[in-house]
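# Residue-level structure breakdown
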Amino acid sequence: MKPVLITGGGGFLGGWIVRALAQSGHPARIFDRSSDRRVLREIAGDEADRVEWVEGDVTDAAAVSEAARGCSSIIHLAALLTPACKADPARGATVNVIGTLNVFEAAKARGIARVAYASSAAVFGPDDGANPLPVTLYGAFKLACEGVARAYWLDEGIASVGLRPTVVYGPGREVGLTAGPTIACREAVAGRPYTIGYSGRQDLVFVADAAAVFAAAATRPFDGAHAFSLIGGTADVSEVIEAIRSEIPSASIDFVGPNIPMAAEIAETPYDGLLGPMPRTPLQDGIARTVEHYRALSEAA
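Residues numbered from 1 in each chain as written. Predicted model: local features only at pLDDT ≥ 70, side-chain atom pairs only at ≥ 80, totals over all residues. Heavy atoms only, no water.

### Remarks on the overall build of the protein chain
Applied cut-off: Each helix is a run of H or I in the DSSP string that is no shorter than four residues. Each strand is a run of E no shorter than two, and both are numbered from the N terminus. In this setup the radius of gyration rests on C-alpha atoms only. A globule is expected at 2.2 Å times the number of residues raised to 0.38. Working definition: with a 1.4 Å probe on protein chains only, accessible area under 20% of the residue-type maximum means buried, over 50% means exposed, and in between means partly exposed. Whether two residues touch is decided by their heavy atoms; if any such pair falls within 4.5 Å, the residues are in contact. For accessible areas, the Shrake-Rupley method is used with a probe of radius 1.4 Å. Any residue's cover is judged against the shown protein chains and nothing else. His is not counted here, nor are the chain ends, while Lys and Arg score as positive and Asp and Glu score as negative. All charge positions are set by atom: Lys at NZ, Arg at CZ, Asp at CG, Glu at CD.
Along its length, the protein chain carries 12 helices and 12 strands. Relative to the globule expectation of 19 Å for 301 residues, the C-alpha radius of gyration of the protein chain, 18 Å, shows essentially globular dimensions. Within the protein chain, buried positions represent 52% of all 301 residues. In the protein chain, 77% of the contacts between residues at least 6 apart in sequence involve partners at least 24 apart. When the accessible surface of the protein chain is split by element, carbon and sulfur atoms take 53% of a total near 12400 Å². Separation of charge centres in the protein chain, based on 26 positive and 34 negative side chains, amounts to 4 Å.

Structure below.
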């Protein structure tokens, strides 16, 4: 069976996607700037050492095209996040927009008919979770990528699904502002205090659920260019903390900081008709699984 190429696949979401693909019998090939498999091993276990790994940068069109050789589909995760795009807008556009163009060009060159890519709920502003109106450069770049995907469907017949999560949490998520809920679980297990760096309500998606949708989008046939909001369930940061304390009553967790500049309530965009039924893990169950993951790591250390 041909592998699924995962750009930026060395991180925690890539690890969960590798795990989801393996469970359905699909091999993966990772394309990433780093060759560090530590996160992948933490999430995917022995599967991490069976994955083919190509080191390269998504801004290098030739490298992306070569990595895509012999693949059945592409899952495109490689991107710079909100702070990095704000700090260096040109670099953010190069990685996020030109990188996405390189992925679709690679699909075109290699005869790959399907791409699943990470968009973001940052395409919405803070007050409207139905109509895209980004207020950050990161969100603007992600919305541009959705336009790129539509153009490649109309011009080249390359089908695509863009997925728009807000906060993805769960074992291994330890980078970025919205990593706060996951890091809080890790620190609570270790008996250390932690402050989540944002306030307010946001939609939270458990990482295994997100990985299942990406894996389905990469392995099931469909036509068209689609963009779906990846919904988990909306909760205030205080509710996240209470969920952690229900697992670890002694947890010393608080929060401070502004609201995330994305709408808290994201409109449903059902995708079951295209991809089939997908899991949706309740917040308490997701927090419990995250806490258990870090307990197991602590006991194994």
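And the narrative resumes.
### A short note on the UniProt feature "domain: NAD-dependent epimerase/dehydratase" (unreviewed entry) in the protein chain
Condition: UniProt positions are given in the numbering used here, feature names are shortened, and annotations may be inferred rather than shown by experiment.
When the UniProt feature table is mapped onto this chain numbering, "domain: NAD-dependent epimerase/dehydratase" (unreviewed entry) sits at residues 4-226. End-to-end, the C-alpha atoms of residues 4-226 are 19 Å apart, and along that stretch the chain is 46% helix and 19% strand.

### Observations regarding the packing of aromatic side chains
Convention followed: Stacked, tilted and edge-to-face pairs are distinguished by plane angle, under 30 degrees for stacked and over 60 for edge-to-face with tilted covering the rest, among Phe, Tyr and Trp rings (Trp via its six-membered ring) whose centres lie within 6.5 Å.
Per the counting criterion, the structure on display carries 5 aromatic pairs. Plain terms: the ring middles of F104 and Y117 are 6.3 Å apart, the flat faces sit at 70° to each other, and that makes the pair edge-to-face. Of the two residues, F104 sits in helix α6 (residues 89-110) while Y117 sits in strand β5 (residues 114-118), which places them 13 residues apart along the sequence. Judged on exposure class, the residue F104 and its partner Y117 are both buried. Taken together, the ring pairs connect W16, Y169 and F206 into an aromatic cluster.

### Topic: helix α1 (residues 12-23)
Quick reminder of the rule: In a helix, the anticipated span is given by 1.5 Å times the number of residues less one.
The end-to-end C-alpha distance of α1 is 17 Å, a good match for the 16 Å that 12 residues give at a rise of 1.5 Å each. The buried count for α1 comes to 9 of 12 residues, which makes it a mostly enclosed element. Along α1, the positions that sit buried rather than exposed are F12, L13, G14, G15, W16, I17, V18, A20 and L21. One or two residues past the end of α1 sits G25, with phi positive at roughly 85°.

### Overview of the pattern of salt bridges
Side chains carrying opposite charge are able to pair once their charged atoms draw close together. Put simply, the test is: Criterion for a salt bridge: a side-chain nitrogen of Lys or Arg within 4 Å of a carboxyl oxygen of Asp or Glu.
Applying the stated criterion across every chain yields a total of 17 salt bridges. As a salt-bridge pair, R29 and E52 come within 2.9 Å of each other at their nearest N and O atoms. Here E52 lies in strand β3 (residues 52-55) and R29 lies in strand β2 (residues 28-32), a separation of 23 residues in the sequence. Of the charged contacts, one joins E174 and R186 as a salt bridge, the two residues approaching to 3.0 Å between their closest N and O atoms. You can see E174 sitting in the loop between β7 (167-169) and α8 (180-190) and its partner R186 sitting in helix α8, a full 12 residues away along the chain. It is possible to trace a salt-bridge network through shared partners that takes in E174, R186, E187 and R192.

### Digging into the state of the cysteines
Applied cut-off: For this text, the term disulfide refers to a pair of cysteine sulfurs within 2.5 Å.
Here the structure, examined in full by the defined rule, presents 0 disulfides. Residue C71 stays outside any disulfide, its sulfur separated by 20 Å from that of C145, the closest cysteine.

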